[in-house]
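Understanding the architecture of this molecule
Chain by chain, the residues:
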Amino acid sequence: MSSDTLAHPKVPAAGGPTASPGGPPRIVPQRRYGQWAAALVVLALLGLALNSVVRNDAFQWDVVGDYFTSASVLRGLWLSLWLTAVVMALGFALGTLLAAMRLSTNPVLRAVSWGYVWLFRSMPILVQLLFWFNIGALYPQLFGVKTVDLLGPVTIAIIGLTLHEAAYAAEVVRGGILSVDAGQIEAAQALGLGRLRRWRRIVLPQAMRAIVPPAGNMLIGTLKGTSIVSVIAVQDLLYSVQLVYHRTYQVIPLLLVATLWYVVVTSVLGAGQFYVERHYARGSGRAR
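Thresholds, definitions, all that
- Residues numbered from 1 in each chain as written.
- Predicted model: local features only at pLDDT ≥ 70, side-chain atom pairs only at ≥ 80, totals over all residues.
- Heavy atoms only, no water.
- Core = buried A, V, L, I, M, F, W, Y, C linked by side-chain atoms within 4.5 Å.
- Buried < 20%, exposed > 50% of the residue type's maximum accessible area, 1.4 Å probe, protein only.
- Helix = DSSP H or I, 4+ residues; strand = E, 2+ residues; numbered from the N terminus.
- Contact = heavy atoms within 4.5 Å.
- Salt bridge = Lys/Arg side-chain N within 4 Å of Asp/Glu carboxyl O.
- Axes fitted to C-alpha atoms, helices over the stretch in contact; angles between N-to-C directions.
- Left-handed = near helix turned anticlockwise from the far one by under 90°.
- Nonpolar A, V, L, I, M, F, W, Y, C, P; charged D, E, K, R; others polar.
- Patch = residues over 30% accessible without salt bridge, like charges linked within 9 Å, V, L, I, M, F, W, Y side chains within 5 Å.
- Areas by Shrake-Rupley, 256 points an atom, 1.4 Å probe, with all protein chains shown as cover.
- UniProt positions renumbered as here; feature names shortened; annotations may be inferred.
- Expected span 1.5 Å × (residues − 1).
- Parallel < 35°, antiparallel > 145°, perpendicular 65-115°, else oblique.

What follows deals with the nonpolar core. If you look at the biggest cluster of nonpolar residues, it comprises 17 residues, and the most contacted ones within it are Val-73, Leu-237, Val-241, Leu-254, Val-257, Trp-261 and Tyr-262. When residues of this core are traced back to their parent elements, those giving at least two are α3 (61-68), α4 (71-102), α11 (237-248) and α12 (251-280). With seven residues, the top contributor of residues to this core is α12. Filtering out sequence-adjacent residues up to four positions away, Val-257 remains in contact with Val-64, Tyr-67, Phe-68, Val-73 and Val-241. Counting residues in each nonpolar core, the second largest holds 14 residues, with Leu-83, Leu-151, Ile-156 and Ile-158 among its members.

The subject of this paragraph is the pattern of salt bridges. Enumeration over the complete set of coordinates arrives at two salt bridges. With a closest N to O distance of 3.2 Å, Glu-171 and Arg-102 form a salt bridge. Of this pair, Glu-171 sits in helix α8 (residues 153-178) while Arg-102 sits in helix α4; the two residues are 69 residues apart in sequence, bridging distant segments of the chain. With relative accessibility at 22%, the residue Arg-102 sits in the partly exposed group.

Packing of α8 against helix α10 (residues 195-225) leaves a shortest axis separation of 8 Å and a crossing angle of 145 degrees. By crossing handedness, the relation of α8 to α10 is classed as right-handed. Residues Glu-165, Tyr-168, Ala-169, Val-172, Val-173, Gly-176 and Ile-177 of α8 lie in contact with α10, whose contacting residues are Trp-199, Val-203, Ala-207, Ala-210, Ile-211, Pro-214, Ala-215, Met-218 and Thr-222. Looking at the contact of α8 with α10 residue by residue, the class counts come to 13 nonpolar, two polar and one charged.

Turning to a nonpolar patch on the surface, a few remarks are in order. Together, Leu-50, Val-53, Val-54, Trp-61 and Leu-260 line one region of the surface with nonpolar side chains, adding up to about 420 Å² of accessible area. Looking at the nonpolar patch element by element, the count peaks at three residues for helix α2 (residues 33-55). Position of Val-54 relative to the elements: it lies in helix α2.

Take the UniProt feature "transmembrane region" (unreviewed entry) in the protein next. Mapped onto this structure's residue numbering, the UniProt feature "transmembrane region" (unreviewed entry) falls at residues 36-54, 77-99, 111-133 and 251-276. Here residues 111-133 runs as 91% helix and 0% strand, with 28 Å between its end C-alpha atoms. Its end C-alpha atoms 38 Å apart, residues 251-276 is made of 100% helix and 0% strand.

Our next topic: unusual backbone geometry. Of note in the backbone geometry, Gln-60 takes a positive phi value of approximately 50 degrees without being a glycine. Structurally, the position occupied by Gln-60 is in the loop between α2 and α3. Unusually for a residue other than glycine, Tyr-249 sits at a positive phi of about 65 degrees. For Tyr-249, the position within the fold is in the loop between α11 and α12.

Let us look at the environment of Leu-223. With respect to the secondary-structure elements, Leu-223 resides in helix α10. For the pair Leu-223 and Tyr-262, spaced 39 residues apart in sequence, the C-alpha separation works out to 8.1 Å. Once residues lying within four places of it in the same chain are set aside, the contact partners of Leu-223 are Ser-80, Leu-81, Thr-84, Tyr-262, Val-265, Thr-266 and Leu-269.

With twelve residues, α11 extends 17 Å from end C-alpha to end C-alpha; this agrees with the ideal 16 Å at 1.5 Å per step. Of the residues making up α11, those classed as buried are Leu-237, Leu-238, Tyr-239, Ser-240, Val-241, Gln-242, Val-244 and Tyr-245. Looking at the buried positions of α11, the neighbouring elements they touch are α3, α4 and α12. Downstream of α11 by a residue or two, Tyr-249 has a phi angle that is positive, lying close to 65 degrees.

Attention now moves to the packing of α4 against α10. For the pair α4 and α10, the least separation of the axes is 9 Å and the interaxial angle reads 140 degrees. As judged from the angle between their axes, α4 and α10 are oblique. Like other packed secondary-structure pairs, α4 and α10 cross with a definite hand, here right-handed. Contact with α4, carried on its side by Ser-80, Leu-81, Thr-84, Val-87, Met-88 and Phe-92, involves Ala-215, Met-218, Leu-219, Thr-222 and Leu-223 of α10 and no other residues of that element. Tallied by class, residues from the contact of α4 with α10 come to eight nonpolar, three polar and no charged.

As structure tokens, then:
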């Protein structure tokens, strides 16, 4: 052993590895007392809030239980789910077409797609629904049929929500396609793969990794957004509970019924989104 080592022995730094007799250095984790104190405060506040909600008689949990699975509420829930599915299917179909137009080399198609996205993203969805609801003031007849008879509240809701969702779906799809490295498409062309096969085997599987997360968020947002159709008397989940509490004046418990159903359905959709994302993330190193 050298004289320098004897003169200046190495001392472990505070909080660092400490030597254990006859073994390797032992790592001592840093104690984070502040974080634990903050966690205890948060848990205490959550406990107080939960206790206040459960024991507050004004919430009328017995009424919530009575109406949670009532026939009128379930019919409204079914309409909300059906409306969400139809709007998402039509919205992404139209959005995919708009994305293809935006990526086209034709300047007219690109301009039309850009203009559509700009217009419908600029208009609030409530304004769009009210505009379509009053379309009869502009066009009293369509195809020889009175507009009032041709466009009912549900049809108007589908048209308004679909046109709105398509503008956002177009950007989601376009972003997913642009996320695929152009070199892979060129390599597929060099191998002689046809255009359809390139899209099916190369572009779409990779684009879905970027499309699924925002598309899942759009799905959940659309489900909650369907509640806005209650303003045009579509009997969705929210409108169904409104009909009940206008008759019984039990506003809070009926709103809780609608809230709990939205929480249940969005939780199921969120779980489904997790597994779909994991499926498309296979082989990317991001699967979890």
